[in-house]
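Architecture and fold: a report
Below, each chain spelled out in residue letters.
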Amino acid sequence: MTNILLESYQDIPSFRLISSILCSLKKYSDIGLRIKLTRYITKADINWCDVFISLRGYSKLSEYLARQAIGHGKYLILDIDDDLLNVSYPKISKIIDRKNKESLRKIINMAN
C-alpha cells in the first residue's frame, strides 16, 4: 500500500478538487490517504506517508515540511496550478511576497 499525504495552506477550490480525485482513487486502489491543512501536519504524518503532495506550497512551513519529507526519503510532488513566481495580479502579489517566492523556489528544487 502507498500512503499519500496531501497538504494545502487553506481550503481552496484546487485543494477540494485534488482531494476529491484522491478520494475517488482510494476507492479503486490500495492507497492510504491523509488530507490536511499545512498547519495541522505532524511528524507522524510525514513518517506515515510515502508520497507528500504539496498543493501551492510556498510558505516557510510548507518548505520545512517538504524538507522533512525529502529527508525521510519520501516522494515529493509540488502542485502549483498558477505561475506563482511571476504573478502580477495585485491581490495575489501581496500574498506571494519575496520570502514566499524564495520558499516556493526551494520546494520546486526539492520536488521529484
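Relevant structure appears above.
Here goes a summary of the coordinates provided. Each chain carries its own residue numbering, running from 1 in the written order of its sequence. Local features in this predicted model are restricted to residues whose pLDDT is 70 or higher, and side-chain atom pairs enter the listing and the counts only when it is 80 or higher, whereas totals over whole chains, interfaces and linings include all residues. Hydrogens and water are ignored here; the side-chain numbers use all heavy atoms of the structure.

What follows covers the overall build of the chain. Secondary structure counts use DSSP, requiring at least four H or I residues in a row for a helix and at least two E residues in a row for a strand, with both numbered from the N terminus. Each helix and strand counted, the chain has five helices and four strands in total. Mapped from its N terminus to its C terminus, the chain presents α and β elements in the order β-α-β-α-β-α-β-α-α. Contacts: residue pairs with any heavy atoms within 4.5 Å of one another. For the chain, the share of sequence-separated contacts (at least 6 apart) that also reach a separation of at least 24 residues comes to 72%. Values of accessible area rely on a 1.4 Å probe in the Shrake-Rupley scheme; residue burial ignores everything except the protein chains shown. Carbon and sulfur atoms provide 54% of the accessible area of the chain, an area that totals close to 6,600 Å².

For the rest of this paragraph, the subject is the pairing of strand β1 (residues 2-8). Every other side chain in a regular strand lies on the same face of the sheet, so the side chains alternate between the two faces. Type-normalised accessible area, obtained with a 1.4 Å probe on protein chains alone, sets the label of each residue: buried when under 20%, exposed when over 50%, and partly exposed for intermediate values. Judged by how many residues are buried, β1 sits mostly within the fold: six of seven residues are covered. Two strands pair under a simple rule: DSSP has to find at least two bridges between them. Across seven bridges, the pairing between β1 and strand β2 (residues 31-37) is parallel. By the bridge assignment, glutamate 7 is partnered in β2 with lysine 36. Look down the strands so they point away from you; if going from the first strand over the helix to the second traces a clockwise path, that crossover is right-handed. In this view, the connection linking β1 to its parallel neighbour β2 by way of helix α1 (residues 13-28) has right-handed handedness.

What follows concerns α1. One fewer than the residue count of a helix, multiplied by 1.5 Å, yields its expected span. The terminal C-alpha atoms of α1 lie 23 Å apart, and with 16 residues this matches the ideal 22 Å at 1.5 Å per residue to within 8%. For α1, the set of buried residues is Ser14, Phe15, Ile18, Ser19 and Leu22. Each buried residue of α1 lies within a common arc of 125 degrees when the element is viewed along its axis, so the set occupies one face. Of the residues in α1, the exposed ones pointing more than 90 degrees away from the buried face are Pro13, Leu17, Lys27 and Tyr28. The inward-facing, buried residues of α1 abut β1, β2, β3 (51-55) and β4 (75-79). This arc corresponds to the set of directions leading from the helix axis out to the C-beta atoms.

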